[in-house]
Amino acid sequence: MKLVLKNGYVYDPANGIEGEKMDIFIEDGRIVEEVKGAKEIDCSGMVVMPGGVEIHSHIAGGKVNTARLMRPEDHLRNVAPRGRNTRSVCGYSTPSTFLTGYAYSRLGYTTAFTAALPPLMARHTHEELHDIPMLDKGALTVMGNNWLIMRYLSEGRIEHACAYAAWLLRATRGYAIKAVNPGGSEAWGWGRDVRSLDDRVPHFDITPREIIAGLMEINERLSLPHSVHLHPNNLGRVGNFSTTLETLELTKEVKPSRERQVLQLTHAQFHSYGGDSWKNFSSAAEEIAKAVNSSDRLVLDMGQVVFGDTTTMTADGPMEYYLSSLTGLKWANKDIELETAPGVTPFVYSEKSPVAGVQWAIGLELALLVEDPMRVMLTTDHPNGAPFFTYPKIISWLMSAKSREQVLQGLHSAAQKNTVLGSIDREYSLQEICCITRAAPAKSLGLDSKGHLGVGADADVAVYALDPEKVDPAREPEAVERAFSATAYTIKGGEVVVRDGEIVRVVTGRTLYVEAKVGEELEREIMRDVDYYFKRFYSVNLANYPVQDVYLTSPHAVKVDAGVR
Amino acid sequence: MKEVVLEPVSQPDCGLVAEVISCDVFAGRSIREIEELEVYAGNRRARLGEFFSVSGSAADSAEETRIVITGSVEKTKWIGRGMSAGEIVVEGSTGMYTGAWMKGGRITVKGDVDSFAGMMMSGGEIEVHGRAGDYLGCAYRGEWRGMRGGSIVVHGDAGTEAGHCLSGGRVTVMGRAESFAGVRMRSGLLVLGSAEPRVGAQMTGGSIVVLSPAELLPSFELVERVSSPEVEGVRFEGVFEVYAGDLAERNAKGRLYVKVE
Ligand SMILES: [Zn+2]
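An account of the accompanying structure is given in this report. Fair warning: this is a prediction, and the values are worked out from it, not measured in the lab.

## Considering the coordination of the zinc ion
Residues and elements named next belong to chain A. Within the protein, the zinc ion binds to His56 (NE2), His58 (NE2) and Asp381 (OD); these donor distances fall in the range 2.0 to 2.1 Å. Spacing between the donor residues of the zinc ion along the chain follows H-x1-H-x322-D. Pair noted here: His58 is in the loop between strand E6 (52–57) and helix H1 (62–70) and Asp381 is in the loop between strand E20 (376–377) and helix H13 (391–399), with a separation of 323 residues, a long-range link. The buried category is assigned to Asp381, whose relative accessible area is 1%.

This is how it looks when you write it as C-alpha cells:
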C-alpha cells in the first residue's frame, strides 16, 4: 500500500519541522523518502501530525471491567448502534473496548498504553486489549506493592529483584514498571495506608522511599525502554506536594541508562496539592513544575480534570475508599492477592466546588509552567480526571488564554484565589500540542518509530481540518476543539482508517511488550522463590499465570539485554 | 384535543418495545404513518400496525394529542417514554417502563403497571388505578440521581423499592408498598398507605409519609409527635410520629412520618 499525503502543514518536532508545507510518503506501513504511483490524499489547508500516543489511560483490565459492571448508568450516556464498519458500542467514562479503539482513532491516536496491569489480571487485561481495535497497545505492569519485589529489595538482593521484574514483564506481556502508592496498597490489606516516604509497610521491612528507589534502580539496571512510571503516595490528599517533591528528589541518585528520564510522575495534577485542609486547598503546581524544569531526569503527565460526571479507578484502594467516604457514592474494592488492591468509585467534578475548580486549574498550570513541552504529556488519567473524549477541549484551553479565563470566571472563587492560572499568559503552539500528545510520550516510552514522521517511522498519521494560516487558536478555541474532535484522516500502519471523523476501516494493532534478558542461573534462583510463593500464597497455579502470545494481537517484543547476570 | 385510538390486536410472547407510543411521536403524523412506526418484538423489527389497529387522528402538537389504548397490553414496554406533553389513557394494564423519562403530560392506566413505571421521570403525571410492580418511580440501574419531578399516584399496592433514589417530585401509593420503599431517597415526597419493613433504608433526604403504623429500621430516631403536619407543601390529617434518618448514612437529613392516630 502506497500513499502520499500532499501539501499539508506538517508538525514533527522530533525532526525539527514546524508547520512546513510538505508531502509525506508512505509505503508498506512506514514513512519513506519518496514513492511513485501512490494514491494521493490532498491535505492542503490541514494540519498533519504523527499519530497520537496515549501514555496513561485506564482502558483495559480488572478494575476497568469492575467499573463497567458498577456503572450501567454510564453506558446509557453514550450509545451507538452498529455502523457500516463498527460494532454497537456504549459508555462514556467506562467505554466498551470497541468504542475505546474507535474513539481514540477518531481523535487521531494510533497507540495507547493501559495504565495499570496487575500481574494476576494480565490474561484478562490482554483479552480486553485484544478487543480494542485501531491501536497499537501496551500495558504498564504494577509492581509497587508486590511481595517478592518488596522482599528482594528489603534484603538488598537487587539482581534478584531485577530478574523477577524482568520475569514479571515477560509473564504479563507488560511494557514497563508501574508503581501505585508504593507500600500503601499493601498496607490497605490491613486496613491501613502509608502517609509518608518513611512509613514502614506492615510485615515487610521496607518503606515507600526504598521501594521507589529500588524500582528505579531495577529499571536502569535492566535498561528498559520506559522509565519507572510512578503514581506516588498520598494521591489526592491536601498538601501532598511535599511528598511529591521528596519523591522527585530520589531521582538525583539514579543514573539514566538511556536517553530519557528516570521517572515519569503520572497524573501530576493529583499530586500537586497545597494547603492544610480542604478549606484552604490550593495549587502547588509552581513547586512541582520547578522541580521538573530543573531536572532532565523527570517528566510528567497532566492528569487534567474536566468538569462532569466520571469514574475514578486506581490501584490505590485506600485512596478510593477515602474518596467514596467523602462523596457517599458507591465503591468497589478489587483486591489482587500478593500484588495490589485497586478501588473504583464514581465522582462528579462540579464547577461550583472550590476543590474541583482548583484541581482543574492545577492540571493546566502544570502544562503551562513546565517550560519544555517534551517533559509534559496530555492525559486526564482517563477516566479519573475526565474521559479521554475531552482531549480536544483541553487542547483548546492550552492554546487560548481567553478560553481559560472564560472557564475561570464561571468557577468558585477559590479557583482564582488559590491558583496562579489567571496570571499565566502562555499559549501553546500547534508544535507544542504535537509534543505533549505525540513526541513526548513516544520519547518517554522509548518508542523509536513512533511520535515522529521521519523516514522509517511507523506510518501512523493524523490529519486535522485546521488551517493554521486562517485560524488563530488563541482567538478561536472552538475551531481548535472542533478540528481536534475528529480527524479528517487517521492513518494507521499506512492505511486510512478514519475519514471525516468516520471509521472507514477497522484494523487490529500490535501489542508491544518488553523482554529483558537476565542470566540463566539468576532466573533459576528467582523461579524457586516464585514457585514457593505460588504454592504457598497464590490462588492460581504458576502454570496458569503467564500470558501466552495467543492472548495478544500481533505480539511485538521489544528486546533488551543490559547484562544483568 | 384530537384522539388516536390503539386497539390491541395481538401481543408477542416476548416484550414489545414500543417507545413510539408517545404524544410527541404521534403528533403531526397520519394514521398510516403511525401504523408504520418501528417497534421491536423481541429482536424482530416490526410495525406498530402489526400489534394495534390504529384509528382517529393526531393533532399537530403533542399538547393537543390524546392516545387511547382500548385494552390490556401487559407485554408492551416503554409506553410514553420521554413524553413531554399530551395525554395517554390505557383502559387496561401496561408492561414495564411506562412513562420512563417522562417530562410532561399525563398517563392514566386503568389497570396495573408493571415494574419501572415513571423511572427517571422529571415532570408530568402518571395515575394508576390498579397496582404497580417493583421500582415505581425509580432511578435507572446504577444511578443514584433518580426521579426529580412530576407526580405518580397509584391507587392500589406497589412492589418493592417504590421511590428508589427519589430525588424530587412526588410518588403516592395509596395501598401497601412492599419492602424498601424510598430506599436511598435524596429528596421529594413519598406517600404510602402502609409500608412493609425497611421503609426509607439509606435515605439521606426528602420525606416519607406512611398513613398507618409501620415497623422502622433501628437507624431511625424519633424526633417529635405532631398533628396534621404539612410535609413538602401537602397537609396530612391525623397524629404523626416524626423520625430522622437513615442515621446509618452520613449527613442523613431524611424525615419519616408515621401516622399513629
Ligand atoms: Zn491512572
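Continuing now.
## A few points about the sheet that holds strand E3 (residues 38–41) of chain B
Residues and elements named next belong to chain B. Across the sheet, which stays open at both edges, the four strands sit in the order E4-E3-E2-E7 with mixed pairing between neighbours. Pairing within the sheet leaves two strands with one partner each, and these edge strands are strand E4 (44–47) and strand E7 (76–77). The pairing of strand E2 (residues 16–17) with E7 spans two bridges and is classified as parallel. Its bridge partner being in E7, Val17 is matched across the sheet by Lys77.

## Remarks on the interface of chain B and chain A
Each partner contributes to the interface: chain B provides nine residues, whereas chain A provides twelve residues. Carbon and sulfur atoms make up 58% of the surface buried where chain B meets chain A, a total of about 820 Å² over both sides. When residues of chain B are sorted by the area they lose upon contact with chain A, B:Tyr140, B:Trp144 and B:Arg250 head the list and together hold 52% of the total. Where chain B meets chain A, there are one salt bridge.

## Quick notes on unusual backbone geometry
Residue and element names in this part refer to chain A. With an omega dihedral of -5 degrees, the bond running from His382 to Pro383 counts as a cis peptide bond. Position of Pro383 relative to the elements: it lies in the loop between E20 and H13. Not every positive phi belongs to a glycine, and His203 is a case in point at roughly 70 degrees. In this structure, His203 sits in the loop between helix H7 (184–188) and helix H8 (208–222). Given the relative accessible area of 65%, His203 is considered exposed.

## Some remarks on the nonpolar core
Ranked by internal contacts, the top residues of the largest apolar core, which has 160 residues, are A:Trp167, A:Ile218, A:Leu222, A:Trp360 and A:Leu398. Looking at which element gives the most residues to this core, the answer is helix H6 (residues 158–172) of chain A, with eleven residues.

## Notes on the pattern of salt bridges
Residue and element names in this part refer to chain A. Scanning the entire structure with this criterion turns up 53 salt bridges over all chains. One salt bridge connects Arg71 with Asp309, and the closest N-O pair in it is separated by 3.0 Å. Of this pair, Arg71 sits in the loop between H1 and helix H2 (72–75) while Asp309 sits in strand E17 (residues 308–314), placing them 238 residues apart in sequence. As far as burial versus exposure is concerned, Arg71 and Asp309 are alike and both buried. Here Glu159 ties to Arg221 by a salt bridge, and the two come within 3.4 Å at their closest N and O atoms. In this pair, Glu159 is assigned in helix H6 and Arg221 in helix H8, connecting sequence segments 62 residues apart. Looking at Arg221, the relative accessible area reads 33%, which means it is partly exposed.

Calculation notes
- Residues numbered from 1 in each chain as written.
- Chains lettered and ligands numbered in written order.
- Predicted model: local features only at pLDDT ≥ 70, side-chain atom pairs only at ≥ 80, totals over all residues.
- Heavy atoms only, no water.
- Donors = N, O, S within 2.8 Å, 3.2 Å for Na, K, Ca; no water.
- Helix = DSSP H or I, 4+ residues; strand = E, 2+ residues; numbered from the N terminus.
- Buried < 20%, exposed > 50% of the residue type's maximum accessible area, 1.4 Å probe, protein only.
- Pairing = 2+ DSSP bridges.
- Contact = heavy atoms within 4.5 Å.
- Buried area = accessible area lost by both parts, 1.4 Å probe.
- Salt bridge = Lys/Arg side-chain N within 4 Å of Asp/Glu carboxyl O.
- Core = buried A, V, L, I, M, F, W, Y, C linked by side-chain atoms within 4.5 Å.

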